[in-house]
Structures are given as structure tokens and as C-alpha cells.
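Reading the structure
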Amino acid sequence: MKAAIYKEYGGPEVVSLGELERPEPGKGEVLVRVEAAAVTSADWRLRSASFPSFTALPGRLMFGIFRPRKPVLGGGFAGEFVARGPGSEQFEIGQAVVGFSVSGAHAEYVAM
């Protein structure tokens, strides 16, 4: 699948379009085909590691000391369910969804 990937902290130039393996939904998870994703101030703060001074160390510990732990940014998204893992039968395939993920929404698919 295509995704906007960043492997180091920095300006917008560190983000590039790349290929990743499509995620598979685990137990209690669903797979969403992302049709729209928001780009927010949280994304640029994480991309550039621009944490407020009092959260600089905790921010780096949570998101990666020398480079990002997760290569795909993006929180808010809209799309539709395309697959379900065991225990998520209450969701219908093809059902529209709006959601928020800690990261990973700047890709074609996100497992939630």
C-alpha cells in the first residue's frame, strides 16, 4: 500500500511517498480503507520533534529518541471498513467510518 513515510525528524522534505505492507486486522480490530486524512499541527510537531520544552524528553521517549518509532503520521481519517478481525463482527464491511488513530492515517489502509 502507499503511505506518506518519514524515517527521520525534520522539515516537510523528510516525508516521502513509499510502499508498506498492508496491515491485517488482529483480534477485535478492523481494517479501514482511508479515503481522507487530516494533516494537523500534531503531525508537524511529531515530524519535526518540535515538542514544547517541558515535554521534549517525554516526547522523544514516547515517539522515538533518535528517529520516529512509527514511520506513518496521521490521526484523523474517514473511510470504510474493508476487513474484520475475530471479535469485531459488529462492524459491517463497506460501512462508512470517521475515526482517530494515534498514527498511521496517512496511508491507504489503517488497522484499528
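This text follows the structure it describes.
What this report covers is the structure whose coordinates are included nearby. Predicted model, so just to flag it, every value in this text is computed and none were measured.

Calculation rules
- Residues numbered from 1 in each chain as written.
- Predicted model: local features only at pLDDT ≥ 70, side-chain atom pairs only at ≥ 80, totals over all residues.
- Heavy atoms only, no water.
- Patch = residues over 30% accessible without salt bridge, like charges linked within 9 Å, V, L, I, M, F, W, Y side chains within 5 Å.
- Areas by Shrake-Rupley, 256 points an atom, 1.4 Å probe, with all protein chains shown as cover.
- Salt bridge = Lys/Arg side-chain N within 4 Å of Asp/Glu carboxyl O.
- Helix = DSSP H or I, 4+ residues; strand = E, 2+ residues; numbered from the N terminus.
- Buried < 20%, exposed > 50% of the residue type's maximum accessible area, 1.4 Å probe, protein only.
- Pairing = 2+ DSSP bridges.
- Axes fitted to C-alpha atoms, helices over the stretch in contact; angles between N-to-C directions.
- Contact = heavy atoms within 4.5 Å.

**Description of a nonpolar patch on the surface**
A contiguous nonpolar surface patch, about 470 Å² in accessible area, is contributed by Leu57, Leu61, Ile65 and Phe66. When you line up the elements, Phe66 lands in the loop between helix H2 (56-63) and strand E4 (76-84). Exposure remark for Phe66: the relative accessible area of 73% places this residue in the exposed category.

**Here's the deal with the sheet that holds strand E5 (residues 96-100)**
Here 4 strands make up an open sheet; going across it, the order is E5-E4-E3-E6 and the pairing antiparallel. Both outer strands of the open sheet, E5 and strand E6 (109-111), are each paired with one neighbouring strand and no more. On average, each strand axis in the sheet is tilted by 45° relative to the strand beside it, whichever way the strands run. By the bridge criterion, 3 bridges tie strand E3 (residues 30-37) to E6 in an arrangement that is antiparallel. Bridge pairing links Arg33 to Tyr109 in E6.

**A short note on the environment of Leu20**
The residue Leu20 is located in the loop between strand E2 (15-19) and E3 in this model. Here the alpha-carbon distance between Leu20 and Ala4, two residues 16 residues apart in the chain, equals 9.6 Å. With residues up to four places along the chain from it excluded, the contact list for Leu20 reads Met1, Ala3, Ile5 and Val72.

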